[in-house]
Amino acid sequence: MTDPRPKSAQLRAYNVGFGDCLLLSIDYAASARHVLIDFGTSKLPARAPATRMLDVAKAIEQETGGHLDLIVATHRHSDHISGFGAAKSGDVIESLQPAAVLQPWTEHPDLDPAARTPAAAESAQGRLALSRTLHYMSAFAGGAASEGRRLAAVARFPKSVASRLEFLGETNITNPAAVERLMAMGRAGRPLHASFGDDLGLDDLLPGVTIDVLGPPTLEDHPSIARQTTEDAEQFWHLAGSWGLAASERSATVHDLAPLFSTGHVLKRVPQAAKWLVPQIERAYAEEVLSLLRVLDGVLNNTSLILLMRIADTTLLFPGDAQIENWSYALFDAPNADQIRRRLAKTHVYKVGHHGSLNGTPKTMWNDLARRGDEQAPGRLITVLSTAAGKHGDARRNTEVPRRVLLEALRAGSDARTTQSTRSNKRPWIDVAVPLSGGR
Amino acid sequence: MTAQISLPWEDLEPGPMGYAVYVVDYDASTGTMYRQAEAPEEDTVTAPSSRRGLLADPGYHALNVYAIAMRTLLRFEFALGRRVGWGIRGHQLKIVPHAFEEANAYYSPDAEALLLGYVRSKQPTFLCLSHDIVAHEAAHALLDGLRDKFMAPSSPDQAALHEAFADIVALLSVFSLPEVVGHLLAPVRDATAPEGLVSKAKLTWEVLADTALLGLAEEMRDDASSVRGNALRRSVRIEPQRGMLARAEFEEEHRRGEVLVAAVMRAFLSAWAARITRLGSGDGAFVDRKLVAEQGADIADLMLTMVIRAIDYTPPIHITFGDFLSALVTADGEVRVDDSRYELRRHLLATMGQYGIVPASGTKDGRWLRPDKRLVREGSHLGSLQTDPTEMFRHLWNNRSVLDLNANAHTRVASVRPSVRVSPEDGFQVRETVVECVQYLKITTSELGAHGLKAPDGLPTDAEVVLEGGSTLILDEYGELKFEVSNPLPSKRTSAAAQERWQRRLEFLFKQGYLTRGFNRSVGLASFHRERMMARGDTAADRALAIRLAEEGWT
């Protein structure tokens, strides 16, 4: 490359419903480089064809001219990686031969509980504990999804609760096809598993671009990120995971959720006096599973990469689904937290964290953003939201996604863009020109 | 480890279903209803002798939860001197011994039930087989019946108290079984002592702590408690320090509750160790092992009575640990005047003091002061005043000024409960009427100033804010006011200290999101247990994180 300075850049956010898929394209004098950040959905838009992810993959192929320089898979939730796993759309992306694949450290193959490699044995016990816990959590999520489907068929059982179980369960299941594809693409190119402060060494792939990894921190730096991996908790998720495996494989013979006691102890009919109670127990059970799902959903979100990119003088922030636990280290606890906050304050383009949930955009970070301002403000902050309303949370509990008060703040303080604004099936994306001249 | 307990006979329906408890053996994870256990034909029910037999017998599981819940209920009735109801609309608490495949158990007011989970592994673990877990959940349901506002958010102390109280009841309930105490003391070796005896010098506070308290904690580790989280194991490790409750780590409700549990259990040990030194004669004297165990169980039993009895002397809302301590010593002193045998009040005051828990009464002996108030009784009928909430409301309304009631608030007499307790000294009855009166005031943020309160930063100006206050009134057998334990709504007469408590309460509620979001009691307890199990809030870092979660989110 003769002139390594970026000339222009564009961020394209595809409307994949509830999920993330962003393509960052950087133009140089004689060539372009392309970074794909996530490629997943847990619920397609209402009127989108079933082929949406394949359509998006083909559009990416066309836009990139058949080659990706970097794939970032922020974390393993299905709404961020499912597209890599699907046969057709995943094949298209793999054919773009990404030069590097960047994932959080928690996805390192050596941490696979089944891997049993020497590196795994040498790895810090805490990391392995987290990895095992994530494994059990995934099994639990599988069970929860199947219980959601079973309960949906139970008479008088609230459909909304059953579908929430299924949805959140599916989101949290490990998608082996996607995980393996990411691993294979990494092996074919350059596999990167990053944690806070890592130098990614991508200057050759993305000249003139610097990337600060602000999350996830390592367990050694910030044990709170995995507080569910204490000894008791690991045991808890282990047991919960075995339930999940059994629940999701109902036909299994070894451990298939058969009644606990021999058939002589089983009643065919519910006694009259217990008829009021049985639906209450069903409901309490579903709520219990749902609450656990929310816990593990949060744990996975907190393994998310937080990337702060600088292209020329322009700063872009991609926090995946990181929540406060993950953000905490960079914002408050890292030795250089003040310096990081000053860097964050310069952000020009903010990809809104966690689909606009109530705890994906730390208020401290938001309040620090110097480019917030009204429509007339020069070099105004641009925010990009990829979301679908009505899938997560509950407005009555102030947990709806996207969160109303956050949307109001985004609209008041930035040029707020959202994937929900496009319904086009031909061009299902929004384009954001990334200003490289610096602004104010 | 098993122990035998005795219950009064009742004519049971299959379930078993009695006047206070109905065991419903439905498993939501497999959608299975198990056969209802028949009432036992014999007077004695024995646990299956083999572990395998125990695990395979749901009928025994049902009888086990029935027996433990009834024993807990009867302990409450004995301590309070009256029939006691659960915190549910009906009278029969449902207990579901195999509710779901999950290592959690909780009391659900919505389902009017105790839901006990199980875990299948190589060998199943049934939470319904753990005495302490069933007693713990039953204690939640009973405390909820006595003080329904204690499950509502108010302060770190109140958030911690429900769980700590249930733990204390469960642990003292286990220690009040002499077989258990005897079993725990078995590892204390004394080669010099004749068979069945042990040297007093071998039974120091430290030895009792190691064998009895830690021993029980270890027993529980092998038991269902290890899947559910082990309160005792964590509590006994908390070394006392006076300023600890002000530290951020112990503002977290789970940790805070464990401090109260630690204080009560250490007081129990101190009283027991002191009692042992007075047994036999001389330092080197031998004492009977069985007697030592019985004395330990007796002290645990007495302390259990004190802890339960204290609830009548607590405010109906916004309780603090200091309130609980004053209630403990006052309620006990009213019935059990002579404390010289075990000196339980002295030990409790001393140990609580070591953890920085001081009586809210501000008095040296920790007891509530008798109010310097006389209520007018024109037109009130003494008989009705002891039982009838409407008559009581009329009485309180006529005395609203002297009782500092806010006439603009919604006022409700939540309960009027006559109680009869027998004094162990002279055998005479102590007759009291316990009255709970609560007030509810809904105002807007802008009206907070008129009540001497400042709106928390960030609270919208048009938000509606609910203030709740209340008083517990203890009337003697003539209907005279004996004690007034109050947390009234803020008024001109509110002291500066009480006003500051109100401000802190408001800030706490706002920070936790309750001012705007409300609170579901059933969900609250379930998640409390789950978070505890996952050891959330273990460290100062976790606590700092919890504060951040509240501050950084878009609630």
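Rules used in this analysis
- Chains are numbered independently. Their residues run from 1 in the order of the written sequence.
- Chain labels run from A onward and ligand labels from 1 onward, assigned in the order the entries are written.
- It should be noted that, the model being predicted, local features are given only for residues of pLDDT at least 70 and side-chain atom pairs only at 80 or more, the latter also being counted only at that level, while totals for whole chains, interfaces and linings use all residues.
- Side-chain numbers come from the whole structure's heavy atoms, not from hydrogens or water.
- When checking whether two residues touch, look at their non-hydrogen atoms; a contact exists if any pair is within 4.5 Å.
- By buried area we mean how much accessible surface two parts lose on assembly, using a 1.4 Å probe and totalling the loss over both.
- The term salt bridge refers to a pairing of a side-chain nitrogen on Lys or Arg with a carboxyl oxygen on Asp or Glu at a separation within 4 Å.
- Elements are defined by DSSP. Helices are runs of H or I of four residues or more, strands are runs of E of two residues or more, and each kind is numbered from the N terminus.
- Each pair of strands is called paired provided DSSP finds at least two bridges between the two strands.
- Only protein chains enter the calculation, and the probe is 1.4 Å; a residue is then buried if its accessible area is under 20% of its type maximum, exposed if over 50%, and partly exposed in between.
- Note on geometry: axes are lines fitted to C-alpha atoms, helical ones only across the stretch in contact, with angles between N-to-C directions running from 0 to 180 degrees.
- Here the angle decides the label: under 35 degrees means roughly parallel, over 145 means roughly antiparallel, 65 to 115 means roughly perpendicular, and every other value means oblique.
- Classification used: nonpolar for Ala, Val, Leu, Ile, Met, Phe, Trp, Tyr, Cys and Pro, charged for Asp, Glu, Lys and Arg, polar for all others including Gly.
- Pairing of aromatic rings covers Phe, Tyr and Trp, the last through its six-membered ring, and needs centres within 6.5 Å; plane angles under 30 degrees mean stacked, over 60 mean edge-to-face, and all others mean tilted.
- Throughout this description, the term charge over a ring refers to an Arg CZ or Lys NZ atom that lies within 6 Å of the ring centre and within 35 degrees of the ring normal.

Colleague: Just to check I follow, could you spell out the interface of chain A and chain B for this structure?
Modeller: It is common to report an interface's size as the accessible area lost on association of the parts. Listed by partner, the interface residues are 60 residues for chain A and 62 residues for chain B. Where chain A abuts chain B, roughly 5,400 Å² becomes buried across the two surfaces, and 62% of that area is made up of carbon and sulfur atoms. For the pair chain A and chain B, the interface holds 0 salt bridges. Taken together, the elements giving at least two residues each to the side of chain A that touches chain B come down to α5 (125-152), α8 (231-248), β8 (266-267), α9 (277-301), α10 (324-333), α12 (363-368) and α13 (404-413) of chain A. Looking at the side of chain A that touches chain B element by element, the count peaks at 11 residues for α9 of chain A. In the sheet, β8 of chain A pairs with strand β3 (residues 32-34) of chain B via 2 bridges, with the strands oriented antiparallel. Opposite V266 of chain A, over in β3 of chain B, you have Y34 of chain B as the bridge partner.

Colleague: What is the right way to read the pairing of strand β14 (residues 481-487) of chain B from this model?
Modeller: Within a regular beta strand, the side chains point alternately toward one face of the sheet and then the other, so they alternate between its two faces. With respect to burial, β14 of chain B is a largely interior element, 6 of its 7 residues being buried. Connecting the antiparallel pair strand β13 (residues 464-475) of chain B and β14 of chain B is a turn made up of 5 residues, with G479 of chain B showing a positive phi of about 85 degrees.

Colleague: Which parts of the structure should I look at to understand the packing of helix α11 (residues 321-335) of chain B against helix α12 (residues 344-354) of chain B?
Modeller: Two quantities define a packed helix pair, namely the angle between the axes and the distance from one axis to the other. Residue and element names in this part refer to chain B. In contact at an axis separation of 10 Å, α11 and α12 are set at 175 degrees when each is read in the N-to-C sense. Compared by their axis directions, α11 and α12 come out roughly antiparallel. Along the contact surface, α11 presents L325, L328, V329, D332 and G333, while α12 presents R345, L348, L349 and M352. For the contact of α11 with α12, the class distribution of residues is 6 nonpolar, 1 polar and 2 charged.

Colleague: Explain the packing of aromatic side chains to me, please; I cannot follow it from the model alone.
Modeller: The geometry of an aromatic ring pair comes down to the distance between the two centres and the angle between the two planes. Summed over all chains, the structure comprises 15 aromatic pairs over all chains. Arranged with centres 5.6 Å apart and planes meeting at 70 degrees, the rings of F39 of chain A and F84 of chain A form a pair that is edge-to-face. Note that F39 of chain A is positioned in strand β3 (residues 32-43) and F84 of chain A in helix α2 (residues 78-85), a separation of 45 residues in sequence. For the pair F39 of chain A and F84 of chain A, one class covers both residues: buried. For the pair F175 of chain B and F268 of chain B, a centre-to-centre distance of 5.1 Å together with 45 degrees between the ring planes defines the contact as tilted. Residue F175 of chain B is located in helix α4 (residues 156-175), and its partner F268 of chain B is located in helix α9 (residues 253-277); the two are separated by 93 residues in the primary sequence. By the burial criterion, F175 of chain B is buried, and F268 of chain B matches it. Each member of the aromatic cluster is reached from another via a ring pair, and the members are F261 of chain A together with Y34, Y118 and F126 of chain B. Stacked on the ring of F167 of chain A, the Lys or Arg K391 of chain A has its end atom at 4.9 Å from the ring centre. The ring of F321 of chain B carries R256 of chain B above its face, with NZ or CZ at 5.8 Å from the centroid.

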